[in-house]
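The chain contents come next:
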Amino acid sequence: MADSYTILDGKKIANEIKDEIASEVKSIVSVGGKMPHLAAILVGDDGASQTYVNNKIKACTRVGFEYTLLNFPATISETKLISEIERINNDDDIDGLIVQLPLPAHISSAKVTECIRPEKDVDGFTNLNYGRITSKNPGLMPATPYGILELLKRYNIEIKGRHCVMVGNSRTVGAPMSIIMSYHEYATVTVCHIHTQKLEEFTRQADILIVATGKPGLIKGDMVKDGVVVVDVGITRIETEENERGYYLKGDIEFDEVSPKASYITPVPGGVGPMTIASLLLNTLKASKKRASHSA
């Protein structure tokens, strides 16, 4: 059993990244360069979505980005929403665009995502950016996998040649993460999901275990080996009467059971979430610099 573990403090690392971005933006603007500009579209009044967007706006303010928030009613038509996206696509002042998901049932998230120009797709979800993950010169990478990779690297965790087990195969996290770890970082990767039979036989082999299933407490202490690096992407709101808020947040890992065996582990919250927002900022800065170089 590992003697102690180190917390992979996403909040701390995200703050360091924001400071670095703010410094670079200040330098760009000081010589007459363009301030990066991020636009966000929020449809409806879902409380969680509003919180996520507000956190992104706060992050923009901190690093010196310009931002535009477009809030539409849940009744907006798909055609109207796409026309608004096209307007932003054609606005040369806006460098990045995010459409906060989920969208109302009458709007196709896939169709809307594909309407975003790849060079402004700072979430990294368009098919072109997604496909470019497998190239040696990727475009704007999906934000959460990008953030996880940055977190591991900033803690100097060795990836090359190690066995990474990815539990979860979603298009937003699991699938792109497995490609990045294998193709770019030269890890040996096994992809599992909640339907994998005898899941514990795979998770016990992991040097690096990344779990993104949305199933709280899926990974127990007896499902990992000593010294494992654990990244918990899951975050589920659990109702309770034991605190004033009436709920608590739980990850896909049983933290109290797994942490004594881990060498590194992310907390929930405060692990992957802040890194996702930091990655959006990094992607926006990258998009802005690329657009500036093309227009020079």
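Reading guide: rules and limits
Residues numbered from 1 in each chain as written. Predicted model: local features only at pLDDT ≥ 70, side-chain atom pairs only at ≥ 80, totals over all residues. Heavy atoms only, no water. Pairing = 2+ DSSP bridges. Helix = DSSP H or I, 4+ residues; strand = E, 2+ residues; numbered from the N terminus. Axes fitted to C-alpha atoms, helices over the stretch in contact; angles between N-to-C directions. Parallel < 35°, antiparallel > 145°, perpendicular 65-115°, else oblique. Contact = heavy atoms within 4.5 Å. Nonpolar A, V, L, I, M, F, W, Y, C, P; charged D, E, K, R; others polar. Salt bridge = Lys/Arg side-chain N within 4 Å of Asp/Glu carboxyl O. Phe/Tyr/Trp six-rings, centres within 6.5 Å; stacked < 30°, edge-to-face > 60°. Buried < 20%, exposed > 50% of the residue type's maximum accessible area, 1.4 Å probe, protein only. Polar contact = N/O pair within 3.5 Å; in protein donor to acceptor, adjacent residues only side chain to side chain.

Caption draft 1: Up close: the pairing of strand 11 (residues 262–265). Two elements, strand 1 (residues 6–7) and strand 11, share two bridges in a ladder whose sense is parallel. Residue Ile7 lies in a different strand from strand 11, and its bridge partner there is Ile265. In the sheet, strand 8 (residues 228–232) pairs with strand 11 via three bridges, with the strands oriented parallel. When the sheet's bridge partners are listed, Val230 is paired in strand 11 with Ile265.

Caption draft 2: Structural context of the packing of helix 1 (residues 10–30) against helix 2 (residues 47–63). Where helix 1 contacts helix 2, the two axes come as close as 8 Å, and the packing angle between them is 50°. The orientation of helix 1 relative to helix 2 falls into the category oblique. On helix 2, the residues that touch Asn15, Lys18, Asp19, Ile21, Ala22 and Val25 of helix 1 are Ala59, Arg62 and Val63. Grouping the amino acids of the contact of helix 1 with helix 2 by side-chain chemistry returns five nonpolar, one polar and three charged.

Caption draft 3: Examining the packing of helix 1 against helix 6 (residues 143–154) more closely. Between helix 1 and helix 6, the least distance of the axes is 10 Å, while the angle of their chain directions is 95°. On the basis of the axis angle, helix 1 is roughly perpendicular to helix 6. The residues of helix 6 that touch helix 1, namely those facing Gly10, Ile13, Glu16, Ile17 and Glu20, are Glu150, Leu151 and Arg154. Among the residues making up the contact of helix 1 with helix 6, the classes are represented as three nonpolar, one polar and four charged.

Caption draft 4: Expanded view of the sheet that holds strand 2 (residues 37–43). The strand order across the open sheet formed by three strands is 3-2-4, and the pairing between neighbours is parallel. Every interior strand has two partners, whereas the edge strands, strand 3 (66–72) and strand 4 (96–99), have only one. Looking at each pair of strands side by side, their axes are set apart by 15° on average, direction ignored. Inspection of the sheet shows strand 2 paired to strand 4 by four bridges, in the parallel sense. Bridge pairing links Leu38 to Gly96 in strand 4. Along the sheet face, helix 3 (residues 78–89) touches strand 2, strand 3 and strand 4 and points at about 175° away from the line of strand 2.

Caption draft 5: The pattern of salt bridges, seen in detail. Summed over all chains, the structure comprises 16 salt bridges. Close ionic contact of Asp92 with Arg291 constitutes a salt bridge, the shortest N to O distance being 3.9 Å. Here the residue Asp92 occupies a position in the loop between helix 3 and strand 4, and Arg291 occupies one in helix 10 (residues 272–295), the gap between them amounting to 199 residues. Through salt bridges with shared partners, a single network forms among Lys34, Asp92, Asp95 and Arg291.

Caption draft 6: Spotlight on the sheet that holds strand 5 (residues 163–167). Spatial strand order, 1-11-8-7-5-6: six strands in an open sheet with parallel pairing. In this open sheet, the two strands that pair with only one neighbour each are strand 1 and strand 6 (188–192). Each of strand 5, strand 6 and strand 7 (208–211) touches helix 7 (residues 174–184); the most contacted strand, strand 6, lies at about 165° to it.

Caption draft 7: The arrangement of the packing of aromatic side chains in detail. Here the structure, examined in full by the defined rule, presents two aromatic pairs. For the ring pair Tyr5 and Phe255, a centre distance of 5.9 Å and an interplane angle of 85° mean the geometry is edge-to-face. With Tyr5 in the segment before strand 1 and Phe255 in helix 9 (residues 255–258), the pair connects residues that are 250 residues apart, well separated along the chain. Given the relative accessible area of 36%, Tyr5 is considered partly exposed. By relative accessible area, Phe255 is classed as partly exposed at 25%.

Caption draft 8: Expanded view of unusual backbone geometry. Between Leu101 and the following residue, Pro102, the backbone shows a cis peptide bond with an omega angle of 5°. Checked against the element boundaries, Pro102 lands in the loop between strand 4 and helix 4 (109–115). In this chain, Val268 is followed by Pro269 through a cis amide linkage whose omega measures -5°. Structurally, the position occupied by Pro269 is in the loop between strand 11 and helix 10. With a phi close to 50°, Lys198 is a non-glycine residue in the positive phi region. As for its position among the elements, Lys198 is in the loop between strand 6 and helix 8 (199–203). Judged by its relative accessible area of 54%, Lys198 falls in the exposed class.

Caption draft 9: Spatial organisation of the environment of Thr284. Position of Thr284 relative to the elements: it lies in helix 10. We classify Thr284 as buried; its relative accessible area is 0%. For the pair Thr284 and Phe65, spaced 219 residues apart in sequence, the C-alpha separation works out to 9.0 Å. For Thr284, the side chain forms a polar contact with the main-chain oxygen of Leu280, separated by 2.8 Å.

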